[in-house]
Amino acid sequence: MYRYDEFDQTFVAQRVAQFRDQVARRLVGELTEDEFRPLRLMNGLYLQLHAYMLRVAVPYGTLSSRQMRKLAHIARRYDKGYGHFTTRQNIQYNWPALKDVPDILMELAEVEMHALQTSGNCIRNVTADQYSGAAADEIEDPRICAEVIRQWSSLHPEFSFLPRKFKVAVTGAPHDRAAVAVHDIGIRIVRGDDGEVGYAVLAGGGQGRTPMIGKTVRAFLPKPYLLSYLEAILRVYNEFGRRDNMFKARIKILVHEVGIDEFRRRVEEEWEHIRGTAVEVPEEEVRRIASYFAPPTFARLPAVSEGFERQQRTDAQFALWARASLHPHKQPGYAIVNISLKPIGGVPGDATAEQMDIIADLAERYAFDEVRVTHEQNLTLPHVRQDDLYALWQELDAAGLATANINTVTDIIACPGLDYCNLANARAIPIAQKISERFGDIEQAHDIGELKIKISGCINACGHHHVGHIGILGVDKKGVEFYQLTLGGDATETAALGELVGPAFGYDDVVDAVEKLVRIYLGLRQENERFLDTYRRVGLQPFKEKLYAAH
Amino acid sequence: MMSKTESKSSKRASEEGVLAISTARGARGEALKAVTANRLVDGLVVYLGGDGWVEALAAARSVSGKEAAAALLAEAEPDVAACRVVGPYVIDVVPDEAGTLQATSERERIRALGPTMRPDLGKQAEA
Amino acid sequence: MPLIRNGRLADDPWTALADDAELPPTGAVIVSLARFRTEREVLFNRGAPLGIRLKSSELASEIGADAPRLDLIAIDFPVFRDGRGYSTARLLRERWGFAGELRAVGNVLRDQLLFMDRCGFDAFEVESPDAVAAWEKALAEFSVFYQPATDARVPARLQRLQRRAAS
Ligand code: SF4
């Protein structure tokens, strides 16, 4: 993975010093809260319901064991012993004191981490496929592109006060695990007709109040022009994005209002001026960055481990976990391992400091020292020998980290909601917990098959409800929590936005409603159909009728 | 997280706060107003009590009527300027059977207690 | 308002002219874009320095090819959040050949000075004369930059290449 050189190290150290100065100025009153707010937000520091919340960037979701241990240490020393992994592949701490934040940032800098651009109207932390460098279907490791973008966007002098926040995601594989179609800019690494690798660039996707699927601005961008093209898009957005209404300020509204053709025309016109200029990243620098993402030294192994096969036959629990948690690796004899942060009845995405330490340890011993954060709030060990899976599973199990529910009905995304978040209308986490308990039987969950439930506590959609197979949105009706259900959303390469089923359900009824939807699906499904397949075949109507019929 | 002197002073304030409540309270269940904010230095939820800011809603000073609420909020302003608290605002509260103030909205209940699924965290854990 | 130009407190010889104020026979004036449009020829032929003040919504292309003929352009930041002026500044300098004084006016905050400096501003209207020290500090906070902009600072990626070529 990428390692800081002295320039990167100097930069984050200077950033910490700058923020330390800003905090000091705030504490003695040289800065008012109005003046300080944007400064703390540029460092990922929010003021939430109970306390400050610090959001730490995990660029494209990649962590080393050393970094994970530092995150554990911070949770213990400055927080309440846990952290929350988010849908943007970041980690949030819910209880840091303002006066401690400069020290936290200094500790992060020691392990080449920061909280830069995790909030504010700037180019946010870039996200990428959690299986980067490991997935069998990958064209190229998207983290190279993501790191180039991370550096270019760091304290960008022109684009730090955009109309609104700006999120970029990159996928290097045709199967999109990074939800690029619902980002302000989505980048797909693609192969052109002549086999050349380049980028398909989407813009104007997003969730929130007005969800939209991103549109293709350019079907094929040759690699050397990455940064000039991004700069052209950002400049058009900075100049023409709406600033009169915060709810209409995202780039998706601009793209929608002027139309993709006019938007593309403006971008290409701007691009003509700057393509090939100093903004482009030199090839040698790309090679330098790419060298950090060279594959680890894999052992040469048979494609299938006999031991692993045997262990699955003899241990049904292990077999179940393997079925849920493993993903094919490009290297024979290896597997990608997903670690569920969704224990039955637990808080989605939360990990204790002890668990973080254990995972760091396991990564060091079994996975070339790497951990990934997924946008579905789980963790991934990208490169594990199949021969080691049984031992790994036992250790995960002992730490409460072997719930065999990845991609099932209990692998729920939930934002912090009203239990933490200042903007929330309703709680999200307890709903996730109750659904998880309702479907707590793992075998039953596997029988239901792939089912993605995503819950947001307000229309900002941090819980990605628009792209949940079942989406749940918390709304406030005269001070009472209600929940709207949507069906048919999809965050992958077949991206779609969910459709509202009907009237909202109260806090005590929403879990019953979800269970009913699952039963309706089970009654309708044909062989091998996932929930989403059935939904796409039969449409909203049968679900709607049956859901409200008994009411 | 809280220094000893701070916790002591808030305890003292809370006793006075209770007195203040009993004088302000009308009939049981009558809607009253209190003022809340977040403490600048650590972000924790605080309420305007009888003598400065307190951490427990039960120790908050409550008043009835719009004007009294505005006056209470005005009392908080110097502490904003003095960098003690951030973003004070008025909330609705009602005394319960025992006369203890409770927030009426879900949001304020959660602020007063802590995350609903983590009784080990927040003010509810300290109670 | 105190003015910082090229890093120090400077006198301001410019007169900001209201749209309905009479054009003085001599002296440097700053006019709005609207006034510039209606009195363009008169203003250019006056034989005195000419400046234009742009609202944040008035983009670089609205001055366009006239840029090299101007002596000053002031760009307004009505609130710090409105970041259009950064693009306007870069485009005036990099695309339209503006070489005169580029002045940031309005809600100009110390923590934005470095960004503005990088985008080609060389003058800043500030709230108090004390701002010079803050200005110097703000500009010295970073020595590493990750992207080229209008300024002459060398981005990290080029420093890396230079380093490697030298070793
Ligand atoms: S979706 Fe709303 S409630 Fe949930 S974290 Fe985002 S802003 Fe907060």
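Note that this is a predicted model, so its numbers are computed, not measured. (Residues numbered from 1 in each chain as written. Chains lettered and ligands numbered in written order. Predicted model: local features only at pLDDT ≥ 70, side-chain atom pairs only at ≥ 80, totals over all residues. Heavy atoms only, no water.)

Some remarks on the overall build of chain B
Within chain B, the secondary structure is distributed over four helices and five strands. In chain B, the succession of α and β elements from N to C terminus is α-β-β-β-α-β-β-α-α. Going through the 127 residues of chain B one by one, you find that 45% of them count as buried. Considering only residue pairs separated by 6 or more positions, chain B has 58% of its internal contacts joining residues 24 or more positions apart. If you sum the accessible surface of chain B, you get close to 6,100 Å²; carbon and sulfur atoms cover 55% of it. (Helix = DSSP H or I, 4+ residues; strand = E, 2+ residues; numbered from the N terminus. Buried < 20%, exposed > 50% of the residue type's maximum accessible area, 1.4 Å probe, protein only. Contact = heavy atoms within 4.5 Å. Areas by Shrake-Rupley, 256 points an atom, 1.4 Å probe, with all protein chains shown as cover.)

Description of the environment of Val304 of chain A
All names here are of chain A. Relative to the elements of secondary structure, Val304 occurs in the loop between helix H9 (283-292) and helix H10 (306-314). Taking the C-alpha atoms as reference points, Val304 and His256, separated by 48 residues in sequence, lie 49 Å from one another. Sequence-distant contacts of Val304, that is, excluding residues within four places in its chain, are made with Glu309 and Gln386.

A closer look at the sheet that holds strand S1 (residues 45-47) of chain A
Residues and elements named next belong to chain A. Taken in spatial order, the five strands line up as S1-S2-S5-S4-S13 in an open sheet, and their pairing is antiparallel. Bordering the open sheet on either side are S1 and strand S13 (350-352), each of which pairs with just one other strand. Here the strands of the sheet are splayed against their neighbours by 30° on average, with no regard to which way each runs. Alignment of strand S4 (residues 82-85) against strand S5 (residues 91-93), held across two bridges, turns out to be antiparallel. (Pairing = 2+ DSSP bridges. Axes fitted to C-alpha atoms, helices over the stretch in contact; angles between N-to-C directions.)

Focus on the interface of chain A and chain B
Every contact between the two is made by 29 residues of chain A and, on the other side, 22 residues of chain B. Carbon and sulfur atoms supply 64% of the area buried between chain A and chain B, which totals about 2,200 Å² over both sides. Its largest share of buried area at the contact with chain B, chain A owes to Leu49, His50 and Trp95 of chain A, together 24% of the area lost on that side. Viewed at the interface, chain B and chain A are joined by one salt bridge. In this structure, the salt-bridge partner of Arg427 of chain A is Glu106 of chain B, at a minimum N-O distance of 3.6 Å. On inspection of chain A and its partner chain B, the count reaches seven residue pairs in polar contact (both at pLDDT 80 or more). Listed by contribution, the elements that provide at least two residues to the side of chain A that touches chain B are helix H1 (6-27) and helix H14 (429-438) of chain A. For the side of chain A that touches chain B, a count of residues per class yields 16 nonpolar, five polar and eight charged. (Buried area = accessible area lost by both parts, 1.4 Å probe. Salt bridge = Lys/Arg side-chain N within 4 Å of Asp/Glu carboxyl O. Polar contact = N/O pair within 3.5 Å; in protein donor to acceptor, adjacent residues only side chain to side chain. Nonpolar A, V, L, I, M, F, W, Y, C, P; charged D, E, K, R; others polar.)

Thoughts on unusual backbone geometry
Residue and element names in this part refer to chain A. Of note in this structure, Asp369 is not a glycine but carries a positive phi near 70°. Take Asp369: it is sitting in the loop between helix H12 (353-366) and strand S14 (370-373). A positive phi angle, near 70°, is found at Gln377, a position not held by glycine. Here Gln377 lies in the loop between S14 and strand S15 (379-385). On the basis of relative accessible area, Gln377 is assigned to the buried category, the value being 1%.

Considering the site of the ligand
Taken together, Cys415, Pro416, Gly417, Cys421, Leu423, Ala424, Gly457, Cys458, Asn460, Ala461 and Cys462 of chain A make up the full set of residues adjacent to the ligand. Looking at side-chain class alone, the shell around the ligand contains eight nonpolar, three polar and no charged residues. (Near = heavy atom within 4 Å.)

Looking at the sheet that holds strand S12 (residues 334-339) of chain A
All names here are of chain A. Taking strand neighbours across the sheet as the criterion, the five strands line up as S3-S14-S15-S12-S11 in an open arrangement whose pairing is antiparallel. In this open sheet, the two strands that pair with only one neighbour each are strand S3 (62-64) and strand S11 (326-328). Strand after strand, the sheet turns through a mean of 30° between neighbouring axes, direction not considered. In terms of strand pairing, S11 meets S12 through three bridges, oriented antiparallel. From the neighbouring strand, His327 faces S12, where its bridge partner is Ile336. The sheet strands contacting helix H3 (residues 65-78) are S3, S14 and S15, and the helix crosses S3 at an angle near 90°.

Thoughts on the arrangement of the chains
The assembly contains two pairs of chains in contact; the pair sharing the most contacts is chains A and C. In this view chain B stays clear of chain C, with the nearest C-alpha atoms of the two still 20 Å from each other.

Some thoughts on helix H6 (residues 226-240) of chain A
For H6 of chain A, spanning 15 residues, the distance from its first C-alpha to its last is 21 Å, which sits close to the expected 21 Å at 1.5 Å a residue. Of all 15 residues in H6 of chain A, 14 are buried, a share of seventy percent or more. (Expected span 1.5 Å × (residues − 1).)

Examining the packing of helix H16 (residues 510-524) of chain A against helix H18 (residues 540-549) of chain A
Residues and elements named next belong to chain A. Where H16 contacts H18, the axes come no closer than 10 Å and their chain directions differ by 130°. In this view, H16 runs oblique relative to H18, as classed from their interaxial angle. In the crossing of H16 with H18, the sense of the turn from one axis to the other is right-handed. Touching Ala513, Lys516, Leu517, Ile520, Tyr521 and Leu524 of H16 are Pro542, Phe543, Lys546 and Leu547, all from H18. (Parallel < 35°, antiparallel > 145°, perpendicular 65-115°, else oblique. Left-handed = near helix turned anticlockwise from the far one by under 90°.)

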